[in-house]
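Here are the chains, one letter per residue:
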Amino acid sequence: MLAQVKKGIESSTLKAMQVPEKVATSAVRLSFDENNTMAEADEFIATFEPIYQHFYAINHHGNEAK
């Protein structure tokens with residue numbers, strides 16, 4: 001999987017969708033195509049889920065997740 005980091009840069013797609021700048025500049029964008037496997041998608045989900053839960057807890061509960 002290739003990753004391209006554009007920290008703090010608003011996606012033109014999200015801007016066109018009128019997504020608020022605060023959200024658009026912190027969004028994670030994924031691209032999949034016919035060459036990706038289900039195993040790759042499953043690997044991403046398994047890796048991303050605990051990261052998501054950690055930041056969800058910080059943003060919605062006002063404290064750090066353990």
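These figures come from a predicted structure and were not determined experimentally.

All right, on to a nonpolar patch on the surface then. The grouping of Val28, Leu30 and Phe32 at the surface amounts to a nonpolar patch, some 290 Å² of accessible area in total. Relative to the helices and strands, phenylalanine 32 is located in the loop between helix H2 (21-24) and helix H3 (38-61).

This paragraph deals with the side chain of serine 11. Inspection of the secondary structure assignment puts serine 11 in the segment before helix H1 (12-16). A polar contact is formed between the side chain of serine 11 and the backbone nitrogen of threonine 13, at a distance of 3.2 Å. In this view, serine 11 contacts Ala24 and Arg29; residues no more than four positions away in its chain are not counted.

Following the sequence through the fold, alanine 24 ends up in helix H2. On the accessibility criterion, alanine 24 (3% relative accessible area) is buried. Contact partners of alanine 24, with chain neighbours within four places excluded, come to Ile9, Glu10, Ser11, Leu14 and Val19.

So, about unusual backbone geometry. Despite not being glycine, glutamine 18 shows a phi value in the positive range, around 60°. Relative to the helices and strands, glutamine 18 resides in the loop between H1 and H2. Taking relative accessible area as the criterion, glutamine 18 reaches 71% and is therefore assigned exposed.

This structure, assessed with the given rule, holds three aromatic pairs. Judged by centre distance (5.2 Å) and plane angle (15°), the rings of phenylalanine 44 and phenylalanine 48 are stacked. With a gap of four residues between them, phenylalanine 44 and phenylalanine 48 both fall in helix H3, about one helical turn apart. A relative accessible area of 28% means that phenylalanine 48 is categorised as partly exposed. Clustering of aromatic rings is evident, with ring pairs tying together Phe44, Phe48, Tyr52 and Tyr56.

Reading guide: rules and limits
Residues numbered from 1 in each chain as written. Predicted model: local features only at pLDDT ≥ 70, side-chain atom pairs only at ≥ 80, totals over all residues. Heavy atoms only, no water. Patch = residues over 30% accessible without salt bridge, like charges linked within 9 Å, V, L, I, M, F, W, Y side chains within 5 Å. Areas by Shrake-Rupley, 256 points an atom, 1.4 Å probe, with all protein chains shown as cover. Salt bridge = Lys/Arg side-chain N within 4 Å of Asp/Glu carboxyl O. Helix = DSSP H or I, 4+ residues; strand = E, 2+ residues; numbered from the N terminus. Polar contact = N/O pair within 3.5 Å; in protein donor to acceptor, adjacent residues only side chain to side chain. Contact = heavy atoms within 4.5 Å. Buried < 20%, exposed > 50% of the residue type's maximum accessible area, 1.4 Å probe, protein only. Phe/Tyr/Trp six-rings, centres within 6.5 Å; stacked < 30°, edge-to-face > 60°.

In short, shape yes, function no, at least from these values alone.
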